[in-house]
Amino acid sequence: MSRRDPVYEALTASGTPFEIGEQNGMRQFVNAPPDINILVETARRHGDKVFVVEGDRRLTFDELFSLRDALVPALEIKRGDRVAICMCNRTEWMIAFLAVARANGVSALVNSRGSPEELNRAVNDVSPALVLADKERAKLLRAGGYDGRILEIDDFPSSGPELPDFEPAHPDDPCTILFTSGTTGQVKGAVLSHRNLINGLMSVQMTGMMVLHDTAAKLDIPVEQILANLPQQGALLVSPLFHISGLGASFLSPLCAGSKIVIMPRWDANEATRLIEREQITAFSGVPTMMWDMLRGARETGADLGSLRNIASGGQALPVALLDEIRAMCPGAVMGTGYGMTETSGSISMAVGEDFIRNRAAAGRVTSLVDVRIEGPGGEELPSGETGEIVVRGPIVMQGYWNNKTETDKVLSADGWLKTGDIGYVDEEGYIFIVDRKKDMVISGGENIYCAEVERIIGGMDDISECAAFGIPDERLGELLVTVVVQRGEYTAADIINTVGERLARYKAPADVVFTEEPLPRNDVGKVNKNKLRAAWPHISGAE
């Protein structure tokens, strides 16, 4: 189901960097290094080029590696130790991740937006030898009762002894743990190996090379000539680094490519357009909400977005009106989309340029390394074009959930097939279409919000009989999380919203709360019928 054309065949041929072959019953890059550090070290060649811009601070590749090397001995960890990274997007986050990897540790990437309860639950789950945190998160962890070792960013060393040679990891050794919630509302740590991350990153790199070759062919210019005259690329970092999209596509990929990363601590459309123009940003990846805001901001301020050459979005389909407006304002940009998840180290499918434009409704084409099958209710494989649960296998699929065999066995088979929990189909060309989510999840403004997690908090409040959280369509955010609550007390909507925001995170708080005295509707097996609630929402909310 992967793409087959002369460019693909040439890039993946025997002896090339992207040669694809069969190993352990799966297609993968046979020349891939075994350890993520080997891939990272190739970025040293970019030397005095600027790597990261954060406010007034600018750091070159040389300076980045110097600070990373200084931090490694200060970690005082041994091979395989877990180190929790608990901070917002910032330069030190990147230094921390690279240092943990170089020290042969396993980084656990904690959601920095969580409450003290959430932070501690994630940190304690992996029993870390050390936590690397910014001052605010360190304070929250201590407030939540964490008494383990914490090294704050103010104490990161600026220099140190030269690092000794290191013994590369085995490809299947754990490299990082990313936390993801499920239908139970409890966080789980997806364990990604060096093999997982490296194959995921190389898939992105190969896609970029295919676009470059296609462009060269259209312009009748040698690829080498384009590369020789290509200015340094720049990426605007808006995705949280503890998300797989932030870690892979927004950090590690630009690092290896020698691109400049410009950090935005929080989303602000006017600031984004200012940075794009000032720093000549070439790549932007965000959710539809951000793109609408950015385009409106550019119109209001007159900012020039002409430097953008790559614009991508995943997780939600782009409205046709948004696509047309992006192409009108950024005519030189190549559009792209993808579908992936934490458990697959990133993309299961991708489509860029003409591949994307010719089939906008799809979530991309299945990548070269991934096997996809569609399963019916009984686990039977369905033919092409039929709708069922999307199940995938490949070298990018996680090892399992950290210290959680029960949850691992629910989704990952002994021979490596992962149940995604998403419902869709694949057509004859390998395009994948997402029809629905089997998991009870809302995507609002690009953030994944699991309804069970929100319901667990509301249901734990005194005098709440029952509750249901679900998503309703919203033009700007894609979906809004709303709740219906049956109570015996006198809570207000603000009480519910504030409680969820304080116990979880502000972006997980419902946008609207409706109270009812009637029991919630249920289906034949006794579960709350959210489809019925969703259909009745305009009436029960008074929004008619």
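Higher on the page you've got the structure.
In this text the structure is predicted, and so the values were computed from the model without any measurement.

Here is what the cut-offs are and how they apply
- Residues numbered from 1 in each chain as written.
- Predicted model: local features only at pLDDT ≥ 70, side-chain atom pairs only at ≥ 80, totals over all residues.
- Heavy atoms only, no water.
- Buried < 20%, exposed > 50% of the residue type's maximum accessible area, 1.4 Å probe, protein only.
- Helix = DSSP H or I, 4+ residues; strand = E, 2+ residues; numbered from the N terminus.
- Arc of directions from axis to C-beta.
- Contact = heavy atoms within 4.5 Å.
- Axes fitted to C-alpha atoms, helices over the stretch in contact; angles between N-to-C directions.
- Parallel < 35°, antiparallel > 145°, perpendicular 65-115°, else oblique.
- Nonpolar A, V, L, I, M, F, W, Y, C, P; charged D, E, K, R; others polar.
- Phe/Tyr/Trp six-rings, centres within 6.5 Å; stacked < 30°, edge-to-face > 60°.
- Pairing = 2+ DSSP bridges.
- Right-handed = clockwise from strand over helix to strand, strands pointing away.

Colleague: When you look at helix 16 (residues 493-503) in this model, what are you seeing that I'm missing?
Modeller: Owing to its 3.6 residues per turn, the α-helix aligns residues three or four sequence positions apart on the same side. Every buried residue of helix 16 is accounted for by Ile496, Ile497, Val500 and Gly501. Along the axis of helix 16, the buried positions cluster into a sector of 125°, meaning they face one direction only. Looking at the buried side of helix 16, the elements it contacts are helix 15 (451-459), strand 26 (464-474) and strand 28 (512-516).

Colleague: I would appreciate a short explanation of the packing of helix 4 (residues 91-102) against helix 9 (residues 244-257) in the present structure.
Modeller: The description of two helices packed together rests on the angle between their axes and the distance between the axes. At their nearest, the axes of helix 4 and helix 9 sit 12 Å apart, and the two run at 75° to each other. By the criterion of interaxial angle, the relationship of helix 4 to helix 9 is roughly perpendicular. Of the residues in helix 9, those in contact with Trp93, Met94, Phe97 and Leu98 of helix 4 are Leu247, Phe251, Leu252 and Leu255. Of the residues assigned to the contact of helix 4 with helix 9, the class counts are eight nonpolar, no polar and no charged.

Colleague: What am I meant to see in the packing of aromatic side chains here?
Modeller: Aromatic rings in a pair are described by how distant their centres are and how their planes are angled relative to each other. Tallying each qualifying case throughout the model produces eight aromatic pairs. Aromatic pair Phe51 and Phe61: ring centres 5.0 Å apart, planes at 55°, arrangement tilted. On the criterion of sequence distance, the pair formed by Phe51 in strand 3 (residues 50-54) and Phe61 in helix 3 (residues 61-75) is long-range, its members being ten residues apart. The pair formed by Phe51 and Phe61 is uniform in burial state, with each residue classed as buried. Consider the rings of Phe97 and Phe251, whose centres lie 6.2 Å apart with planes at 80°: the pair is edge-to-face.

Colleague: When you look at the pairing of strand 14 (residues 310-314) in this model, what are you seeing that I'm missing?
Modeller: Strand residues, when the strand is regular, have side chains that alternate between the two faces of the sheet. Because side chains alternate across strand 14, one face comprises the buried residues Ile311 and Ser313, and the other comprises Asn310, Ala312 and Gly314, none of which is buried. As defined by bridge partners, strand 13 (residues 283-285) adjoins strand 14 across three bridges and the pair is classed as parallel. Along strand 14, the bridge assignment pairs Phe284 with Ile311. This β-α-β element, strand 13 to helix 11 (residues 288-301) to strand 14, shows right-handed connectivity. One ladder, built from five bridges, connects strand 14 with strand 15 (residues 334-341); its direction is parallel.

Colleague: Looking at this structure, how should I read the sheet that holds strand 28?
Modeller: Within a beta sheet, neighbouring strands are joined by backbone hydrogen bonds and run either parallel or antiparallel to one another. The strand order across the open sheet formed by three strands is 26-27-28, and the pairing between neighbours is mixed. In the strand order of this sheet, the two ends are held by strand 26 and strand 28, each with one partner. Put simply, the sheet's adjacent strands are angled 25° from each other on average, direction ignored. Here strand 27 (residues 478-487) pairs with strand 28 via five bridges, running parallel. Along strand 28, the bridge assignment pairs Val484 with Val514. Relative to the sheet, helix 15 contacts strand 26 and strand 27, its axis offset from that of strand 26 by approximately 145°. Its contacts with the sheet place helix 16 against strand 26 and strand 28, and it is angled at close to 125° to strand 28.

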